[in-house]
Amino acid sequence: MAEKSRMLTRRKERRENESAEMNKDVKEVKNEGQQGEQAVDNGEVPSAEAAATNGAVANSPNGDFQVEPMELPPFEIISGDRIDPFAFKFQFKNVEYSSGRNKTFLCYLVDKGNTTNGLLRGYLEDEHTGPHAEEAFFIQCLPNYDPALKYTVTWYVSSSPCSACAAKIAEVLKARKNVKLSIFAARLFEWEETEIQAGLKALHAAGCKLRVMKPLDFSYTWDTFVDNEDQPLNLWEDCKENYEYYQEKLADILQ
């Protein structure tokens, strides 16, 4: 009973601090701009036009599983090699009530089991107006899928997949047994919702490794995927506490 009371108190404090958290982030932008870092207003890139697309997965006429091509309008899915440092700090911050963080950043590593090609590395960013980054990954990053190869895929994402993306990812993993996927998420997206929990369970059942990002994972992602100009990442004060909070929730969902 005391533990439940402490949890409710902490959640209330988190809600009350959300406004202060957002103001603090804005102040950090100004400070970093004065130090010569290129800041993005509100941690966002320019918004894109909305457009309808085809689904990511479907069955061909002969019953075989296939990934359908999607028409991706300019800037709807943004891809690149290095993330802007402030965009990373804002979007990957593992706060519980993440007002304004309404997109997904997906950093990926792909090992095809062929040392001559090396690791495929990069990131995708969506605007949540059309296809999500998780859905676009299989189209843009694995366009020439080879069933003879063994794919080891690692994602570092700013938030865990929505229910629709989780269902599509699970379908891909069930159809492509040679693809092993690990997802490390900074935050759990709407984890209290029943359909979100069902999606995470479906991913887990399909063989996807799910884990919340530890403080060390944030530093690794910063060094590997961010245009940091050789500057170290200074983790926010409650990073470890927030990780433990989310990891506990994820463990409860997947048990």
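The structure reproduced in this document is the subject of the present report. What you are looking at is a predicted structure, and each value in this text was computed from that prediction instead of being measured. (Residues numbered from 1 in each chain as written. Predicted model: local features only at pLDDT ≥ 70, side-chain atom pairs only at ≥ 80, totals over all residues. Heavy atoms only, no water.)

## With respect to the overall build of the protein
Here's step 1: When its secondary structure is counted, the protein shows seven helices and eight strands.
Here's step 2: A total of 255 residues make up the protein; the buried ones form 45% of that total.
Here's step 3: Taking contacts inside the protein between residues at least 6 apart in sequence as the whole, the part at least 24 apart equals 76%.
Here's step 4: Accessible area for the protein stands at about 13,300 Å²; split by element, carbon and sulfur atoms hold 48% of it. (Helix = DSSP H or I, 4+ residues; strand = E, 2+ residues; numbered from the N terminus. Buried < 20%, exposed > 50% of the residue type's maximum accessible area, 1.4 Å probe, protein only. Contact = heavy atoms within 4.5 Å. Areas by Shrake-Rupley, 256 points an atom, 1.4 Å probe, with all protein chains shown as cover.)

## Structural notes on the nonpolar core
Here's step 1: Counting residues in hydrophobic clusters, the biggest one holds 36 residues, and the most contacted among them are Tyr-108, Phe-137, Val-153, Trp-155, Leu-181, Ile-183 and Leu-203.
Here's step 2: Listing elements by their share of this core, those giving two or more residues are β4 (105–111), α3 (133–140), β6 (151–157), α4 (163–175), β7 (179–185), α5 (194–205), β8 (209–212) and α7 (239–254).
Here's step 3: Residues contacting Val-153, with those up to four places away along its chain left out, are Leu-109, Val-110, Phe-137, Val-179, Lys-180, Leu-181 and Ser-182.
Here's step 4: Formed by 20 residues, the second largest nonpolar core is a distinct cluster that contains Phe-88, Cys-107, Leu-109 and Phe-218. (Core = buried A, V, L, I, M, F, W, Y, C linked by side-chain atoms within 4.5 Å.)

## As for unusual backbone geometry
Here's step 1: The phi dihedral of Glu-190 falls on the positive side, at around 45°, and the residue is not glycine.
Here's step 2: Considering the arrangement of structural elements, one finds Glu-190 in the loop between β7 and α5.
Here's step 3: Backbone geometry at Glu-229 places phi at a positive 50°, although glycine is not the residue there.
Here's step 4: Within the fold, Glu-229 resides in the loop between α6 (215–225) and α7.

## Quick word on the packing of aromatic side chains
Here's step 1: This model, assessed by the stated rule, comprises 15 aromatic pairs.
Here's step 2: Ring centres of Tyr-145 and Tyr-151 lie 5.6 Å apart, and the angle between their planes is 25°; on these two criteria the pair is classed as stacked.
Here's step 3: Within the aromatic cluster, the residues linked to one another by ring pairs are Tyr-108, Phe-137, Phe-138 and Trp-155.
Here's step 4: Sitting over the ring of Tyr-145, Arg-176 keeps its end group 3.9 Å from the ring centre.
Here's step 5: In this arrangement the basic side chain of Arg-211 is found over the ring face of Phe-184, its NZ or CZ atom lying 4.2 Å from the centre. (Phe/Tyr/Trp six-rings, centres within 6.5 Å; stacked < 30°, edge-to-face > 60°. Lys NZ or Arg CZ within 6 Å of the ring centre and 35° of its normal.)

## Digging into the pattern of salt bridges
Here's step 1: Taken as a whole, this structure holds four salt bridges when the rule is applied.
Here's step 2: Lys-240 serves as the salt-bridge partner of Glu-244, at 2.4 Å between the closest nitrogen and oxygen. With Glu-244 and Lys-240 both in helix α7, this residue pair falls four residues apart, about one helical turn.
Here's step 3: Relative accessible area serves as the criterion here: at 40%, Glu-244 is assigned to the partly exposed category. (Salt bridge = Lys/Arg side-chain N within 4 Å of Asp/Glu carboxyl O.)

## Overview of the pairing of strand β5 (residues 120–126)
Here's step 1: Across the seven residues of β5, five count as buried, placing the element largely inside the fold.
Here's step 2: Sheet topology places β4 next to β5; six bridges connect them, and they run antiparallel. Across the sheet, residue Leu-106 finds its bridge partner in β5, namely Leu-124. (Pairing = 2+ DSSP bridges.)

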